[in-house]
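Descriptive analysis of the structure
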Amino acid sequence: MQPIQLFDPASSTYSYVLFDETSRDALIIDPVDVQLERDLATLRQYGLRLLWTIETHAHADHITSAGQLAELAGAQTAAPAACGISTAAVQLKDGDTLQFGEEQIRALHTPGHTAGSMSYLWRDHVFTGDCLLINGCGRTDFQSGSAEAMYHSLTQVLFALPEATTVWPAHDYQGRSHSTIGAEKTGNARVAGKTLAEFSAIMAALHLPKPKRIDEAVPANLSSGLRHDAGGEASSSARSAPGYAGDVSPQLACQWWQAGDAVLVDVRSDAEREWVGFVPGATALAWKQWPGMVMNADFDEGLRAAVPAGKKVVLLCRSGVRSIAAAKRATELGLEAYNILEGFEGDPDAHAQRGRKGGWRYHGLPWRQG
Ligand SMILES: N[C@@H](CCC(=O)N[C@@H](CS)C(=O)NCC(=O)O)C(=O)O
Ligand SMILES: [Fe+2]
């Protein structure tokens, strides 16, 4: 089986989907925010359940959709431990493996483009991020880059793999899709047959312009692409000036709902409900929002139809972030709208801090597996 290779033309980035053919459990490497819809459609087309989003490094040229995929598809986020992506649920160290169905992918620490950069090995395929590129390699002139570390990663780590290993890079700027370790070992213009001194001189002479989006992309990628205005801080700033009727615990929301005082609206996607679990009898109305784009038309219409005059609406999402945005929208539509704290599953950071799980499903309230 071959990896599914996906391309983002604006940043010349390749993302990769791998899956287990029996269980359909899948992962995606280096997903790009503006390709979110395409990637969700790809998962649907192949009938896949996304278990993992995996970063090769904190990108400087585009923003990851990892955080969005966690919300929308129920994936867990994984990133190299030394990249400072503090929101990633799994912090990978050299040699760590991630399981998807019967398949496994293994992290190889390949610093040089950045100090934390990793490549990933799956069967006889290696996903090299911005370490080994086709007839090139990642630049080493910013973000903790090092030509010496790059030289070591290329010649000692990646070129030590079997020559038939297929190389899948994170970028190609000339339309090439993949290569092999053997071809790069003998023919790569920057490193093949070069000493460290020669390689370092080549890297120092590149003088590449700074990526256009670096100042915006790196901070966003350090929080899995959930920018501060769309991520966890949205809830704390929202609390001081909510723009909606208020926050309620899952228990109180359930009481109101069961007493007929409120309509319970689940704003997660169909996929999330199917994979994670649903609340029988709740109204399903997906809230679609990703950076720079809010798609409200269906939501508005559905909400108007679902909530009779005089009733409250209580909004449920996965971790209590999207439900805030949805509650604000419902308020704009004239409804008395409440956000259900911590959503269906709870906030993983809060779990870690408090040592307990907080979402709807952990309170003995009605729900069923999808
Ligand atoms: N021109 C691109 C940036 C290109 C770039 O710097 N790419 C990085 C990867 S993030 C690289 O390592 N390039 C290696 C090369 O071009 O040789 C932009 O403005 O976004
Ligand atoms: Fe990069």
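Every value quoted in this text rests on a predicted model; they were computed, and no experiment measured them.

A few points about the overall build of the chain
Along the backbone of the chain there are twelve helices and 21 strands. Scaling as 2.2 N^0.38, a compact globule of 370 residues should have a C-alpha radius of gyration of about 21 Å, and the chain matches this with 23 Å. Considering only C-alpha atoms, the chain reaches an extent of 75 × 40 × 40 Å along its principal axes. Looking at the 370 residues of the chain, the share that counts as buried comes to 53%. Accessible area for the chain stands at about 15,600 Å²; split by element, carbon and sulfur atoms hold 51% of it. Where the 32 positive side-chain charges of the chain centre and where its 42 negative ones centre are 3 Å apart.

Notes on the sheet that holds strand E2 (residues 13–19)
Spatial ordering of the open sheet is given by E1-E2-E3-E4-E5-E6, a layout of six strands whose pairing is mixed. Taken across any chain shown, the strands that pair with only one partner, and hence form the sheet edges, are strand E1 (4–8) and strand E6 (90–92). The sheet shows a mean angle of 25 degrees between the axes of neighbouring strands, direction not considered. The pairing of strand E4 (residues 49–54) with strand E5 (residues 76–80) spans three bridges and is classified as parallel. When the bridges of E5 are listed, threonine 53 appears paired with threonine 77. Against the sheet, helix H1 (residues 36–46) makes contact with E1, E2, strand E3 (25–29) and E4, and its axis sits at roughly 160 degrees relative to E1, the strand it touches most. With respect to the sheet, helix H2 (residues 66–73) is in contact with E3, E4 and E5, its orientation differing from that of E4 by roughly 160 degrees.

A short note on the coordination of the iron ion (ligand 2)
Protein ligation of the iron ion (ligand 2) involves His57 (NE2), His113 (NE2) and Asp130 (OD), the donor distances falling in the range 2.0 to 2.4 Å. Taken together, the four donor atoms coordinating the iron ion (ligand 2) span angles of 89 to 166 degrees at the metal, a pattern that classifies the geometry as irregular. Of note, the iron ion (ligand 2) draws all its donor residues from one chain, in the sequence arrangement H-x55-H-x16-D. Here histidine 57, found in the loop between E4 and H2, pairs with histidine 113, found in the loop between strand E8 (103–109) and strand E9 (118–122); they are 56 residues apart in sequence, far enough to count as distant. Under the relative-accessibility criterion, histidine 57 is labelled buried at 1%. For histidine 113, a relative accessible area of 6% translates into the label buried.

Quick notes on the environment of valine 267
Looking at the element boundaries, valine 267 is found in the loop between strand E16 (262–266) and helix H9 (270–276). The class of valine 267 is buried, set by a relative accessible area of 0%. Measuring from C-alpha to C-alpha, the distance between valine 267 and tryptophan 360 comes to 14 Å, with 93 residues separating the pair along the chain. In this structure, valine 267 is in contact with Leu285, Ala286, Trp287, Phe299, Leu315, Leu316, Cys317, Arg322, Ser323 and Ala326, ignoring residues within four places of it in sequence.

Considering the environment of glutamine 45
Note on placement: glutamine 45 falls in helix H1. In this structure glutamine 45 comes out as exposed when scored by relative accessible area, which is 63%. Between the C-alpha atoms of glutamine 45 and tryptophan 287, which are 242 residues apart in sequence, the distance is 21 Å.

Re unusual backbone geometry
Here arginine 24, not a glycine, exhibits a phi torsion of approximately 70 degrees, which is positive. By secondary structure assignment, the location of arginine 24 is in the loop between E2 and E3. According to the relative accessible area criterion, arginine 24 is partly exposed, its value standing at 26%.

Quick word on helix H11 (residues 322–332)
Taking burial as the measure, the eleven residues of H11 include eight buried ones, the bulk of the element. For H11, every residue scored as buried is listed here: Arg322, Ser323, Ile324, Ala325, Ala326, Ala327, Arg329 and Ala330.

As for the site of ligand 1
As a matter of local geometry, ligand 1 sits amid Asp61, His113, Asp130, Cys137, Gly138, Arg139, His171, Tyr173, Arg190, Leu208, Pro211 and Lys212. Side-chain polar atom of arginine 190 to an oxygen atom of ligand 1: 2.8 Å apart, as the coordinates give it. When ligand 1 is considered free in solution it has 510 Å² of accessible area, and contact with the protein chains removes 83% of it. Here the residues of the shell around ligand 1 are counted per class, giving four nonpolar, three polar and five charged.

Looking at the domain arrangement of the chain
Taken domain by domain, the chain consists of domain 1 (4–221) and domain 2 (232–362). Each of domain 1 and domain 2 has a C-alpha centre, and these two points are 35 Å apart. Contacts between the two partners involve twelve residues from domain 1 and, on the opposite side, ten residues from domain 2. The junction of domain 1 with domain 2 conceals about 1,100 Å² of combined surface from both sides, 54% of it contributed by carbon and sulfur atoms. Counting every contact that joins domain 1 to domain 2 gives one salt bridge. Secondary structure elements with two or more residues in the side of domain 1 that touches domain 2: H1, E4 and H2. In the side of domain 1 that touches domain 2, the residues fall into seven nonpolar, two polar and three charged.

Rules and cut-offs
Residues numbered from 1 in each chain as written. Chains lettered and ligands numbered in written order. Predicted model: local features only at pLDDT ≥ 70, side-chain atom pairs only at ≥ 80, totals over all residues. Heavy atoms only, no water. Helix = DSSP H or I, 4+ residues; strand = E, 2+ residues; numbered from the N terminus. Rg over C-alpha atoms; globule rule 2.2 N^0.38 Å. Buried < 20%, exposed > 50% of the residue type's maximum accessible area, 1.4 Å probe, protein only. Areas by Shrake-Rupley, 256 points an atom, 1.4 Å probe, with all protein chains shown as cover. Lys, Arg positive; Asp, Glu negative; His and termini not counted. Charge placed at Lys NZ, Arg CZ, Asp CG, Glu CD. Pairing = 2+ DSSP bridges. Axes fitted to C-alpha atoms, helices over the stretch in contact; angles between N-to-C directions. Contact = heavy atoms within 4.5 Å. Donors = N, O, S within 2.8 Å, 3.2 Å for Na, K, Ca; no water. Tetrahedral: all angles 85-135°; square planar, octahedral: opposite > 155°, others 65-115°. Near = heavy atom within 4 Å. Polar contact = N/O pair within 3.5 Å; in protein donor to acceptor, adjacent residues only side chain to side chain. Nonpolar A, V, L, I, M, F, W, Y, C, P; charged D, E, K, R; others polar. Domains from an automatic or database assignment. Buried area = accessible area lost by both parts, 1.4 Å probe. Salt bridge = Lys/Arg side-chain N within 4 Å of Asp/Glu carboxyl O.

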